[in-house]
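# Observations on the three-dimensional arrangement
So you can see what is in the structure, the chains are spelled out below.
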Amino acid sequence: MSVAVVIVAGGSGFRAGGELPKQYQLIGGRPVIWWTLKAFVDHPGICHVQTVIGAGHEALFESASTEFTIGRPVIGGNSRQDSCRIGIAACLATGATKVLIHDAARPFVSADLISRIISELEQAEAVIPGIAVADTMKFAPGGTIEKTVDRQGLWSVQTPQGFNLQTIHQAHLQAHEQGVTGLTDDAAVAEKCGVKVRVIAGHPENHKLTTAHDIRAANDMLIQKLNFEHQDIRVGQGIDFHEFEDGDGVILCGVRIPHDRKLKGHSDADAAMHALTDAILGAIGEGDIGTFFPPGNPEWKDAASSMFLNKAVELLHRRNGIVANVDMTILAEAPHIAPHIGAMRIVLSPLLHLATDRIAIKATTTEKLGAIGRREGLAAFATVMVRLP
Ligand code: MG
């Protein structure tokens, strides 16, 4: 039996607030969808991971999923039902005979639940997880109770929902051709087609992150867990100075700031990112940028300094470490840095796997004292705290 999974991530997630759709907001330093993808990529029973994303989310998905070897995402439709049909169709060529369909916004799905759904699919054509309703249920369409609903036999259902691939593909095509819309889960599509759907016990932790409160609570829980697992706390510092030369702008933390000079250097001369890279390397006792990128090598002529930072973060991750927070100060008489700090934090956040509220960047002048005061160059200072297991 060969099992594919369709991860449905097409929604725009407005209910969760924030600047990003909820599946791309950070929890525990990673996008929600990263945790979801990891659960399935790491599961030995899954042969293919097919993601369905929203139009315009390509770059967000690319950045959230770079470390996984998975197939290209497909672009979803106008509703969840449409997106699922498109994702299921994309699995037909993979050789899979069964498919699980899972919401990207359920990042806490356990390996055990995935295994149990797969195992049940050996006998059943359709299997979904659910939680038996424990609360008393009321039917109150206008806010006034019309009746008390007998909760006996009622389930609140979750994903991953598992199906025979051909069966759910045909059921979706049939619903589409008949103009049936607005079905909010795939079991409903199967039911319409007369398929018998089995319900097995889901898990309360496998809840769907819907509101801003859900995202915050998930983040708090993961941070607490990560902190508990990473008790070896280290601090690192990095300092970098670069001279100005003729040019039309400087790059700091990956953000281009218009100026009548540029920073002199072999790479893009991003002093702020260099200081930050050295701070991380310092925290884990791995030397400095020059250890890994000897100056003058033509390979990193004009290179974006994110490659240096990525290397430092990779070395940290190899030790299963995480960045806890960053504090940077940029010392410059000109250009004016402050208006660009927000953009810098947004650039650094995915590179460090760190929420922007843990990345501080400050700018100050030297009150015209010394070389920096004479606008001959600028300097950047970075302090980071990292946590290791
Ligand atoms: Mg430098």
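Treat the numbers as computed from the prediction; the structure is a model and nothing was measured.

## A look at the overall build of the protein chain
Of regular secondary structure, the protein chain possesses twelve helices and 19 strands. Based on the C-alpha atoms only, the size of the protein chain along its principal axes is roughly 80 × 50 × 40 Å. Classification of the 389 residues of the protein chain by burial places 46% in the buried group. Of the contacts formed within the protein chain by residues at least 6 apart in sequence, a portion of 72% connects residues at least 24 apart. Within the structure as shown, the protein chain displays about 18,600 Å² of accessible surface, and the carbon and sulfur contribution to it stands at 52%. Put simply, the protein chain has 35 plus and 42 minus side-chain charges, and the middle of one group is 4 Å from the middle of the other.

## A word on the domain arrangement of the protein chain
Per the domain assignment, the segments making up the protein chain are domain 1 (3–226) and domain 2 (230–388). Spacing between the C-alpha centres of domain 1 and domain 2 amounts to 39 Å. Tallying the contact residues gives seven residues for domain 1 and ten residues for domain 2. When the area that domain 1 buries against domain 2 is broken down by residue, the three leading residues are Leu-26, Arg-30 and Leu-226, summing to 62%. Where domain 1 packs against domain 2, one counts zero salt bridges. Scanning the region where domain 1 abuts domain 2 turns up two residue pairs in polar contact (both at pLDDT 80 or more). Its residues placed into classes, the side of domain 1 that touches domain 2 shows three nonpolar, two polar and two charged.

## A word on the sheet that holds strand β19 (residues 377–388)
Within a sheet, adjacent strands bond to each other through the backbone by hydrogen bonds, running parallel or antiparallel. Pairing in this open sheet of five strands is mixed, and the strands run β16-β13-β19-β17-β18 from one edge to the other. The sheet terminates laterally at β16 (261–263) and β18 (359–364), the two strands that pair on one side only. The mean inter-strand angle of the sheet, taken between neighbouring strand axes irrespective of direction, is 20°. Relative to β16, strand β13 (residues 232–246) is paired through three bridges, and the arrangement is antiparallel. Counterpart to Glu-245 in the pairing with β16 is Lys-262. Its contacts with the sheet place helix α11 (residues 341–352) against β17 (322–331) and β18, and it is angled at close to 145° to β18.

## Here we look at the nonpolar core
If you look at the biggest cluster of nonpolar residues, it comprises 43 residues, and the most contacted ones within it are Leu-252, Leu-348 and Leu-352. By residue number, the principal contributor to this core is helix α8 (residues 271–283), which donates nine residues. Setting aside residues no more than four positions away along its own chain, Leu-348 makes contact with Cys-253, Met-273, Leu-276, Leu-309, Met-328, Ile-359 and Ile-361. Core analysis: the next-biggest nonpolar cluster, separate from the first, contains 35 residues, Ile-27, Trp-35, Val-49 and Phe-61 among them.

## Here we look at the packing of helix α10 (residues 306–318) against α11
Orientation of α10 relative to α11, taken along the N-to-C sense of each, is 35°, at an axis distance of 10 Å. Contact with α10, carried on its side by Ser-306, Leu-309, Asn-310 and Val-313, involves Leu-348, Leu-351 and Leu-352 of α11 and no other residues of that element. Residues that form the contact of α10 with α11 fall into these classes: five nonpolar, two polar and no charged.

## Considering the coordination of the magnesium ion
Distances from the magnesium ion to its protein donors, namely Asp-240 (OD), His-242 (NE2) and His-274 (ND1), fall within the range 2.1 to 2.3 Å. Each donor residue of the magnesium ion lies on the same chain, and together they follow the pattern D-x1-H-x31-H. One end of the pair, His-242, is in strand β13; the other, His-274, is in helix α8, with 32 residues separating them in the sequence. Comparing His-242 with His-274 shows no difference in burial state: the two are buried.

About the cut-offs
- Residues numbered from 1 in each chain as written.
- Predicted model: local features only at pLDDT ≥ 70, side-chain atom pairs only at ≥ 80, totals over all residues.
- Heavy atoms only, no water.
- Helix = DSSP H or I, 4+ residues; strand = E, 2+ residues; numbered from the N terminus.
- Buried < 20%, exposed > 50% of the residue type's maximum accessible area, 1.4 Å probe, protein only.
- Contact = heavy atoms within 4.5 Å.
- Areas by Shrake-Rupley, 256 points an atom, 1.4 Å probe, with all protein chains shown as cover.
- Lys, Arg positive; Asp, Glu negative; His and termini not counted.
- Charge placed at Lys NZ, Arg CZ, Asp CG, Glu CD.
- Domains from an automatic or database assignment.
- Buried area = accessible area lost by both parts, 1.4 Å probe.
- Salt bridge = Lys/Arg side-chain N within 4 Å of Asp/Glu carboxyl O.
- Polar contact = N/O pair within 3.5 Å; in protein donor to acceptor, adjacent residues only side chain to side chain.
- Nonpolar A, V, L, I, M, F, W, Y, C, P; charged D, E, K, R; others polar.
- Pairing = 2+ DSSP bridges.
- Axes fitted to C-alpha atoms, helices over the stretch in contact; angles between N-to-C directions.
- Core = buried A, V, L, I, M, F, W, Y, C linked by side-chain atoms within 4.5 Å.
- Donors = N, O, S within 2.8 Å, 3.2 Å for Na, K, Ca; no water.

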